[in-house]
Amino acid sequence: MAEAKSKPLIAFFDTKPYDREVFNQLNDDYGYQIKYFQYHITPDNCILAKDADVVVVFVNDIISSDVIDQLAGFGVKLVALRCSGFNNVDLKYAKGKIQIVRVPAYSPNAIAEHTVALMMTLNRKIHRAYFRTRDANFTLNGLMGFTMQGKTAGVIGTGKIGKALVRILRGFDMKVLAYDPYPDEKHAKEVGYSYVDLDSLMQQSDVISLNCPLTRETKWLIDKDAIGMMKKGVMIINTGRGKLIRTTDLIVGLKSGKVGSAGLDVYEEESEFFFEDLSDRVLFDDTLARLLTFNNVIITSHQAFFTREALMNIAGVTLGNIQDFFDGKKLVNEVVFSE
Ligand code: NAI
């Protein structure tokens, strides 16, 4: 009797209990063999994927040339990203060696809503009020915010997330300026916002939100020159990628008061810290430590995507991508290197 062919093996890196819960739930329909690993994939632990057919990774797993060579050597043909950004993959090197798929959109509104949560918390100083009232301090000194209505928001990148964000901000009756190398004038007209050049956006906005991908062009988009152009007291929100901001320049801006507040869901060197409990250790990143001392800075550890709906979408699309690969179908969510 012919032996039944065993189901493909998927190796998951950088997984937490909540990832395992949703993937296990949806895998009932697919029946893949799954091995979960808690840690990031690195050149030193790639060997864990030796028997795998597919490797699944997350935002801070670096898919370097070394990792690609090792995985390709084990016969892994597909790396599935459980995220939309793919700046962590050496796409040029991967070309022809291993295919890369991603989850292009899992819940743009989840990220847009978190962006607005950071804005409103910073503006109305909810993070400080929370501790004050717990300590029976019912004073308002230092908690004054501003009315969002009529203020100008600058949205950099009007893709899926930027568009969801603009709609919410228009709901506050804010004036919205946008910058995107590929403007969607039809959407702008429908929702009521205007595209301007980047300098004008920096100069005129009271609140600036970064919703573009990290690319060669956008690295350190917010640096001392950009901050120099901004209004005094500007609020900067980054739910895009850490390296969109040159953190040392942001700190100078915060110290001088030029930057009034900053909400950061991402950080340049986050891969060493975010998603981990390091509370019993000494924080050795001086830049991150300095940021954490400002009472007008809120850092969340890459949690903008973290809603039940988004996690279910991530798991569904990732398993769908993998199924398409095994079925020999066109990989609609493949990312390939382009010059
Ligand atoms: P998208 O691909 O739908 O939109 C990106 C937009 O940025 C496009 O309209 C593109 O034309 C524009 N863009 C490209 N280069 C630009 C530049 N130099 N300046 C201004 N705009 C530029 O992507 P989506 O889904 O809206 O996501 C945006 C980014 O948000 C992702 O690349 C990712 O880095 C980040 N993200 C963060 C998450 C979080 O949990 N904090 C979760 C998901 C995405």
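This structure is a prediction, so every number in the text was calculated from the model and none was measured.

## Things to note about the overall build of the protein chain
Here's step 1: Within the protein chain one finds twelve helices and twelve strands.
Here's step 2: In summary, the protein chain has a C-alpha radius of gyration of 22 Å against a globular reference of 20 Å for 339 residues, a match within 12%.
Here's step 3: When the backbone C-alpha atoms are referred to their principal axes, the protein chain occupies close to 80 × 50 × 35 Å.
Here's step 4: The proportion of buried residues among the 339 residues of the protein chain is 47%.
Here's step 5: Pairs at least 24 residues apart make up 67% of the contacts formed inside the protein chain by residues separated by at least 6 positions.
Here's step 6: Mean positive and mean negative side-chain charge positions of the protein chain (40 and 42 charges, respectively) differ by 5 Å.

## Here's the deal with the sheet that holds strand β4 (residues 78-81)
Here's step 1: Strand order across the open sheet formed by five strands is β2-β1-β3-β4-β5, with parallel pairing between neighbours. The open sheet has two edge strands, β2 (33-36) and β5 (99-101), and neither has a second partner. Mean inter-strand twist for the sheet, computed between neighbouring axes without regard to direction, equals 20°.
Here's step 2: Summarising the sheet, strand β3 (residues 54-57) and β4 pair through four bridges and their orientation is parallel. Residue pairing across strands places Val57 opposite Leu81, the latter belonging to β4.
Here's step 3: Against the sheet, helix α12 (residues 308-326) contacts β1 (9-12), β3, β4 and β5, and its axis sits at roughly 160° relative to β4.

## Quick notes on the site of the ligand
Here's step 1: The environment of the ligand is formed by 24 residues, the closest being Lys160, Ile161, Asp180, Thr239 and Asp265.
Here's step 2: Within the backbone of Ile161, one N or O atom sits 2.9 Å away from an oxygen atom of the ligand.
Here's step 3: Within the backbone of Phe305, an N or O atom sits 3.2 Å from an oxygen atom of the ligand.
Here's step 4: For the ligand, the accessible surface in isolation is 870 Å², of which the surrounding protein chains cover 86%.
Here's step 5: The residue inventory of the shell around the ligand, partitioned by class, reads eleven nonpolar, nine polar and four charged.

## Overview of the packing of aromatic side chains
Here's step 1: Summed over all chains, the structure comprises 14 aromatic pairs.
Here's step 2: Seen in terms of ring centroids, Tyr30 and Tyr32 are 5.8 Å apart; in terms of plane orientation they differ by 10°. Their pairing is stacked.
Here's step 3: Consider the rings of Tyr130 and Phe131, whose centres lie 5.2 Å apart with planes at 80°: the pair is edge-to-face.
Here's step 4: Owing to a relative accessible area of 44%, Tyr130 belongs among the partly exposed residues under this scheme.

## Considerations on helix α4 (residues 108-124)
Here's step 1: The terminal C-alpha atoms of α4, which comprises 17 residues, lie 24 Å apart, in line with the 24 Å expected from a rise of 1.5 Å per residue.
Here's step 2: Within the sequence span of α4, burial applies to Ala110, Ile111, Ala112, His114, Thr115, Val116, Leu118, Met119, Leu122 and Asn123.
Here's step 3: Looking at the packing, one finds that the buried side of α4 touches α5 (126-134), α6 (160-171), β9 (207-210), β10 (234-238), β11 (259-264) and β12 (297-299).
Here's step 4: Looking one or two residues beyond α4, the residue adopting positive phi is Lys125, at roughly 55°.

## Side note on α12
Here's step 1: The terminal C-alpha atoms of α12, which comprises 19 residues, lie 27 Å apart, in line with the 27 Å expected from a rise of 1.5 Å per residue.
Here's step 2: Where the residues of α12 are buried, they touch β1, α1 (17-27), β3, β4 and β5.
Here's step 3: At the C-terminal side of α12, Gly328 shows a positive phi close to 70°.

## Comments concerning unusual backbone geometry
Here's step 1: Here the phi dihedral of Trp220 falls at roughly 55°; this positive angle occurs in a residue that is not glycine.
Here's step 2: Here Trp220 shows up in the loop between β9 and α9 (224-229).
Here's step 3: Among the residues examined, Trp220 registers a relative accessible area of 29% and is labelled partly exposed.

## Some words on the pattern of salt bridges
One side chain can pair with another of opposite charge once the charged atoms of both are near each other.
Here's step 1: According to the stated counting rule, one finds eight salt bridges in the structure shown.
Here's step 2: Put simply, Lys231 and Asp206 hold a salt bridge, and the shortest N to O gap is 3.0 Å. You can see Lys231 sitting in the loop between α9 and β10 and its partner Asp206 sitting in the loop between α8 (198-204) and β9, a full 25 residues away along the chain.
Here's step 3: What emerges from the salt-bridge pattern is a single network uniting Asp14, Lys16 and Glu276.

## Focus: the domain arrangement of the protein chain
Here's step 1: Segmentation of the protein chain into domains returns domain 1 (9-106 + 308-327) and domain 2 (108-299).
Here's step 2: Domain 1 and domain 2 are separated by 30 Å when their C-alpha centres are compared.
Here's step 3: Area buried by domain 1 at its contact with domain 2 is led by Lys16, Asn60 and Asn87, which between them contribute 41% of it.

## As for the sheet that holds β12
Here's step 1: On the basis of which strands lie adjacent, the open sheet formed by seven strands has the order β8-β7-β6-β9-β10-β11-β12 and parallel pairing. This sheet does not close on itself; its edge strands, each paired only once, are β8 (194-195) and β12.
Here's step 2: Across the face of the sheet, α6 comes into contact with β6 (152-156), β7 (175-179) and β9 while running at roughly 175° to β6.
Here's step 3: Across the sheet, helix α10 (residues 247-256) lies against β10, β11 and β12, angled at about 140° from β11, the strand it touches most.

Analysis parameters
- Residues numbered from 1 in each chain as written.
- Predicted model: local features only at pLDDT ≥ 70, side-chain atom pairs only at ≥ 80, totals over all residues.
- Heavy atoms only, no water.
- Helix = DSSP H or I, 4+ residues; strand = E, 2+ residues; numbered from the N terminus.
- Rg over C-alpha atoms; globule rule 2.2 N^0.38 Å.
- Buried < 20%, exposed > 50% of the residue type's maximum accessible area, 1.4 Å probe, protein only.
- Contact = heavy atoms within 4.5 Å.
- Lys, Arg positive; Asp, Glu negative; His and termini not counted.
- Charge placed at Lys NZ, Arg CZ, Asp CG, Glu CD.
- Pairing = 2+ DSSP bridges.
- Axes fitted to C-alpha atoms, helices over the stretch in contact; angles between N-to-C directions.
- Near = heavy atom within 4 Å.
- Polar contact = N/O pair within 3.5 Å; in protein donor to acceptor, adjacent residues only side chain to side chain.
- Areas by Shrake-Rupley, 256 points an atom, 1.4 Å probe, with all protein chains shown as cover.
- Nonpolar A, V, L, I, M, F, W, Y, C, P; charged D, E, K, R; others polar.
- Phe/Tyr/Trp six-rings, centres within 6.5 Å; stacked < 30°, edge-to-face > 60°.
- Expected span 1.5 Å × (residues − 1).
- Salt bridge = Lys/Arg side-chain N within 4 Å of Asp/Glu carboxyl O.
- Domains from an automatic or database assignment.
- Buried area = accessible area lost by both parts, 1.4 Å probe.

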